[in-house]
Structures are given as structure tokens and as C-alpha cells.
Amino acid sequence: MSGRDSVQIPDDRDFRAFRAECECERGWSLSYSKAGVAVWVQLLEPERSLHKIKCRMECKDVAAETLYDVLHDIDGTPTSSRPSTSAA
């Protein structure tokens, strides 16, 4: 099985590495900042075809659980509005 065919469940070390990358400013250029929203772009390296961006947005009046659900809902449907998928 090649590396592309396997899935690795992230652990605490992976989360710490991801968070460190998110918080790092080296190699990133701020391209937009207004009203609590900021967007950075990473300079594209000649040997790589991946273009990365990162964003930060203040959400003062939104519960963390709600924001998490919205960001992870690919259908855009509130969890409470979805039909049950379990057998009756």
C-alpha cells in the first residue's frame, strides 16, 4: 500500500505541528486585513504547485461548537435540520 492509499489519524503531536504552522509568520505575506478578517498567502516555491492561504476571523458572538459545525458541514445544512440516517 502506498502512502497515498493510507490514512493517518492525527494525534496531539500532529495538532501541535499544525497549530505551529498556523501561528508562524515566516514565509507568509499578509494580503488582506479589515474588520476582524485577515488573509495571508504563502510565497509559491518554484518546485511546488501548491498555493497556500490562511485566514483568521474574529467571531465574538458565535459559540465555538457552532463555528466548528459550520466549518465542517459540507452540505451547509444545520445538524438539527438533517434527516436521520439510522434505520427505523
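Residues numbered from 1 in each chain as written. Predicted model: local features only at pLDDT ≥ 70, side-chain atom pairs only at ≥ 80, totals over all residues. Heavy atoms only, no water.

Engineer: I'd love a proper account of the overall build of the chain, names of residues and values included.
Structural biologist: Across its full length, the chain carries 2 helices and 3 strands. Scanning the chain from its N terminus toward the C terminus, one meets helices and strands in the order α-β-β-β-α. The buried share of the chain, taken over its 88 residues, is 7%. Accessible area of the chain: about 8,400 Å², with a carbon and sulfur share of 55%. (Helix = DSSP H or I, 4+ residues; strand = E, 2+ residues; numbered from the N terminus. Buried < 20%, exposed > 50% of the residue type's maximum accessible area, 1.4 Å probe, protein only. Areas by Shrake-Rupley, 256 points an atom, 1.4 Å probe, with all protein chains shown as cover.)

Engineer: Which residues make up the pattern of salt bridges, and what are the values?
Structural biologist: Using the criterion set out here, one finds 3 salt bridges in the structure. Glu-23 is paired through a salt bridge with Arg-19; the nearest N and O atoms lie 2.9 Å apart. Of the two residues, Glu-23 and Arg-19 are both situated in helix 1 (residues 12-23); the distance of 4 residues between them amounts to about one turn of the helix. Relative accessible area serves as the criterion here: at 47%, Glu-23 is assigned to the partly exposed category. For Lys-52, the salt bridge identified is with Glu-21, shortest N-O distance 2.7 Å. (Salt bridge = Lys/Arg side-chain N within 4 Å of Asp/Glu carboxyl O.)

Engineer: Can you tell me about the pairing of strand 2 (residues 37-42), naming the residues and giving the values?
Structural biologist: Here strand 1 (residues 28-34) pairs with strand 2 via 6 bridges, running antiparallel. In the strand pairing of strand 2, Ser-29 is matched with Val-41. For strand 2 and strand 3 (residues 53-57), the ladder comprises 5 bridges, and the chain directions are antiparallel. Residue Val-39 lies in a different strand from strand 3, and its bridge partner there is Cys-55. (Pairing = 2+ DSSP bridges.)

Engineer: Now, about the packing of aromatic side chains: what can you tell me, with residues and values included?
Structural biologist: The tally for this structure, following the rule as stated, stands at 0 aromatic pairs. The ring of Trp-40 has Lys-54 sitting right over it, with the charged end atom 5.7 Å from the ring centre. (Phe/Tyr/Trp six-rings, centres within 6.5 Å; stacked < 30°, edge-to-face > 60°. Lys NZ or Arg CZ within 6 Å of the ring centre and 35° of its normal.)

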